[in-house]
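# Coordinate inspection notes
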Amino acid sequence: MSRDLVGLKIRALRKERGLLQGELARRAGISPSYLNLIERNKRAVAGGLLDRIAEGLGVQRHLLDEESDRYIVDTLSEITADPLLAEGVGHPGAAVELVGRYPGWAKLMLRLYQAYQDRNQAVMALADRLNRDPFLGESIHRVLTHVTAIRAAAEIIETDDALSPLDRGKFLSIIASDAGRLSETAQGLSNFFDSAQVRIGSATAMEHVDSFILGHQNHFPALEEVAAELRRKVRAHDEPERALERLAPGDAGPRKIENVLPLESRRFARVKNLMKLPAKDAVDALTVKNPILSDEAAKALAASALYSYAAAAYLMPYEEFLEAAESCRYDLDVLSQRFEVSYEQAAHRLATLQRPGASGLRFAFMRSDPSGYVTKRLPLPRLPLPRYGTACPLWVVYSAFQTAGVTVRSFGELPTGEQFFFFARAVEKLPSPPGAPRRLLSIMLACPAEEAQRVSAADGLNRPSAMVSLGTVCRLCPRDCAHRQEAPLIT
Amino acid sequence: MSDRRLLVVEDESNIAEALSYVLRRAGFVVETVSDGDLALQRLQREHFAAVVLDIMIPGTNGFEILRAVRADPALADLPVLVLTARGQAKDRQLAEELGASAFVTKPFSNAEVVERLCAFTGCSQQES
């Protein structure tokens, strides 16, 4: 698949504005023939030239950046792997062209697909409930049993002319008692359907939030600014959490309930609550009218993620954290100690250091529970992270559960040929009562393999020999693999 | 009249009572049990012309009884009429695979049960 959307988008935007190639080339200070090459993706374009073209088109630069559209391309390509929908669509690579030339139509298709997935999930959940709900199963069994007894007794009374008064009384009493029990069962069923408000949540709310976060490249300058502004007011000897209570007095949340949490999580939760006042305007501006966040569930998820972001930005101020990260080579133990945050909080913060002109190494972030349920993810443009619990078992995010507390690492090559460095650690999110299973979550970071020498976790790992062939989702992976659980959809 | 002796395995007493009445009126000698373990014991010890077997019963369930009956050479040919409230296709399929002679879904008509059992036992239906 071509990686370039920029040329196609420039061409589409230029035509939309009725500009000739010569005119746009003049505005951007290049020759028309060079612009022609750019528009046909024969020449790469970035940096100052992309700025000038954006200016010439009268659009903001980020509208031309391909990464904000990568999610749409990836999802549309995924649709082409769905045999029910994609018959006759042609080459999956056409998704790039569609997004480049007709971005509005591509977004419409994306929304349709997401709505279709939502409904599919809802129908499956409802069907599952009807088939397996123990209350429904038991109630239907009881209804059939009572009806059977009533029918059998009624038939005897109706058809048996020689029925003795005694037997007649006996069967009438069976009818009466089973009719009474049938009424109770029917009432129970009726109450069940009255009270069971089946709330069909958006199955793709998390995807909308993903799309939203990826569209911002995991970086929210407005929240960074709110946090930085507050940090500027923290005096040198002040403890940041205490200072925030003074600077942004608000509800920090209950102390008692949170007391079960480890110290860093408790502190983070309180700072997140305190940020709800100073960061409110910035969060609302990002979420309330955002068309990607199509429903309330998605908006609420996104807002929660953004308040966490603001809390992280406050506890791990951008410049200070970036400098520390680079000097310790992204060592999460060093960073979590220095900023008094958890391993996970430091890992997540690393994945947000994307300020233009002052960005850190770009990481993908993924958090999974032991069943494979993905509870948080920040993908990289060319590293699609599995959405549901059907990921590739070869990812270190899973093997980390075998040695909780220890960092597990590997180089991995996707079927696309892209190579990444992965490292993960299973951490205890909450302390467990004695004898109960430990509540572990695995935290994984990944960066392009060629950047691994900048990361201390990769030290001593030889890239070619530690390279593992892996996929993302079994059914979308074409590999002939000993770990395969599902037949591939595309062969 | 051992060739007209039936065992009705049904834990719902009202259904068992109505079935027994109807079957006795049709000329059968009817014994009833409400528990799977007891049913299996009686089948292995006594002679019956046919069995009416509910699936959802306490103790050994109807499928397991059917499996045990078919595995026992002495009972392999015993006609078994499976009776269940779970009329789902897969239950029916399982009952058939396990060797059920016939399958009646609740709520059934009395006449249907009598007719089936008469067919198994080779008797003509008596006028009630």
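Summarised in this report is the structure supplied together with it. Everything numeric in this text was worked out from a predicted model, so none of it was measured.

### What about the overall build of chain B?
- What chain B contains, in helices and strands, is 5 helices and 5 strands.
- Helices (α) and strands (β) of chain B occur, in sequence order from the N terminus, as β-α-β-α-β-α-β-α-β-α.
- Put simply, chain B has 128 residues, and 52% of those count as buried.
- Considering only contacts in chain B between residues 6 or more positions apart, those separated by 24 or more positions represent 60%.
- Accessible surface, chain B: about 5700 Å² in total, of which carbon and sulfur atoms supply 45%.

### Side note on the pattern of salt bridges
Residue and element names in this part refer to chain B.
- All told, the structure shown has 34 salt bridges over all chains when counted by the stated rule.
- A salt bridge links Arg42 to Glu46; its shortest N-O distance comes to 3.0 Å.
- On the accessibility criterion, Arg42 (19% relative accessible area) is buried.

### Points about the nonpolar core
- Counting residues in each nonpolar core, the largest one holds 69 residues, and the members touching the most others are Leu223, Met275, Tyr314, Leu350 and Phe363 of chain A.
- Of all the elements, helix 16 (residues 296–315) of chain A adds the most residues to this core, at 12 residues.
- Those residues in contact with Leu223 of chain A that lie beyond four places of it in its chain are Ala279, Ala282, Val283, Leu286, Leu306, Tyr309 and Ala310 of chain A.
- In terms of nonpolar packing, the next biggest core, distinct from the first, is built from 33 residues, Phe171 of chain A together with Leu19, Val30 and Leu83 of chain B among them.

### A few points about the sheet that holds strand 5 (residues 408–413) of chain A
Residues and elements named next belong to chain A.
- The 6 strands lie next to each other as 4-3-7-6-5-8, forming an open sheet whose pairing is mixed. In this open sheet, the two strands that pair with only one neighbour each are strand 4 (374–378) and strand 8 (467–469). Recorded for the sheet is a direction-independent mean angle of 25 degrees between the axes of neighbouring strands.
- In terms of strand pairing, strand 5 meets strand 8 through 3 bridges, oriented parallel. Bridge pairing links Gly412 to Val468 in strand 8.
- Against the sheet, helix 19 (residues 343–350) contacts strand 3 (364–368), strand 4, strand 6 (419–430) and strand 7 (439–448), and its axis sits at roughly 25 degrees relative to strand 7.

### Here's the deal with the packing of aromatic side chains
- Per the stated rule, a full pass over the model turns up 11 aromatic pairs over all chains.
- Members of the aromatic cluster, joined through ring pairs, are Tyr330, Phe363, Phe411, Phe421 and Phe423 of chain A.
- For Arg355 of chain A, the ring lying beneath its charged end belongs to Tyr318 of chain A, and the centroid distance is 4.1 Å.
- In this structure, Arg4 of chain B packs its charged tip against the face of Phe28 of chain B, placed 4.5 Å from the ring centre.

### Quick word on the interface of chain A and chain B
- Contacts between the two partners involve 21 residues from chain A, matched on the other side by 16 residues from chain B.
- In total, about 1700 Å² of surface goes out of reach between chain A and chain B, with carbon and sulfur atoms giving 60% of it.
- Counting the contacts that link chain A with chain B gives 3 salt bridges.
- The shortest N-O distance in the salt bridge between Glu12 of chain B and Arg181 of chain A comes to 3.4 Å.
- Between the two partners, chain A and chain B, sit 9 residue pairs in polar contact (both at pLDDT 80 or more).
- Elements with a contribution of two residues or more to the side of chain A that touches chain B: helix 8 (134–159) and helix 9 (165–195) of chain A.
- If you tally residues by element for the side of chain A that touches chain B, the top one is helix 8 of chain A, at 11 residues.
- In terms of residue class, the side of chain A that touches chain B is built from 10 nonpolar, 4 polar and 7 charged.

### Topic: the sheet that holds strand 4 (residues 80–84) of chain B
Residue and element names in this part refer to chain B.
- Taken together, 5 strands build an open sheet; the order of strands is 2-1-3-4-5 and the sheet is parallel. The open sheet has two edge strands, strand 2 (29–33) and strand 5 (102–105), and neither has a second partner. On average, adjacent strands in this sheet sit at an angle of 20 degrees to one another, irrespective of strand direction.
- With 4 bridges connecting them, strand 3 (residues 50–54) and strand 4 associate as parallel partners. Bridge assignment links Val52 to a residue of strand 4, and that residue is Leu81.

### Some remarks on the packing of helix 15 (residues 280–287) of chain A against helix 16 of chain A
Residues and elements named next belong to chain A.
- Two elements in contact, helix 15 and helix 16, have axes separated by 10 Å at closest approach and are oriented at 140 degrees. Between helix 15 and helix 16, the interaxial angle falls into the category oblique. Crossing geometry of helix 15 relative to helix 16 is assigned as right-handed. Where helix 15 abuts helix 16, its residues Lys280, Val283, Leu286 and Thr287 lie against Lys299, Ala302, Ala303, Leu306 and Tyr307.

Quick notes on the rules
Residues numbered from 1 in each chain as written. Chains lettered and ligands numbered in written order. Predicted model: local features only at pLDDT ≥ 70, side-chain atom pairs only at ≥ 80, totals over all residues. Heavy atoms only, no water. Helix = DSSP H or I, 4+ residues; strand = E, 2+ residues; numbered from the N terminus. Buried < 20%, exposed > 50% of the residue type's maximum accessible area, 1.4 Å probe, protein only. Contact = heavy atoms within 4.5 Å. Areas by Shrake-Rupley, 256 points an atom, 1.4 Å probe, with all protein chains shown as cover. Salt bridge = Lys/Arg side-chain N within 4 Å of Asp/Glu carboxyl O. Core = buried A, V, L, I, M, F, W, Y, C linked by side-chain atoms within 4.5 Å. Pairing = 2+ DSSP bridges. Axes fitted to C-alpha atoms, helices over the stretch in contact; angles between N-to-C directions. Phe/Tyr/Trp six-rings, centres within 6.5 Å; stacked < 30°, edge-to-face > 60°. Lys NZ or Arg CZ within 6 Å of the ring centre and 35° of its normal. Buried area = accessible area lost by both parts, 1.4 Å probe. Polar contact = N/O pair within 3.5 Å; in protein donor to acceptor, adjacent residues only side chain to side chain. Nonpolar A, V, L, I, M, F, W, Y, C, P; charged D, E, K, R; others polar. Parallel < 35°, antiparallel > 145°, perpendicular 65-115°, else oblique. Left-handed = near helix turned anticlockwise from the far one by under 90°.

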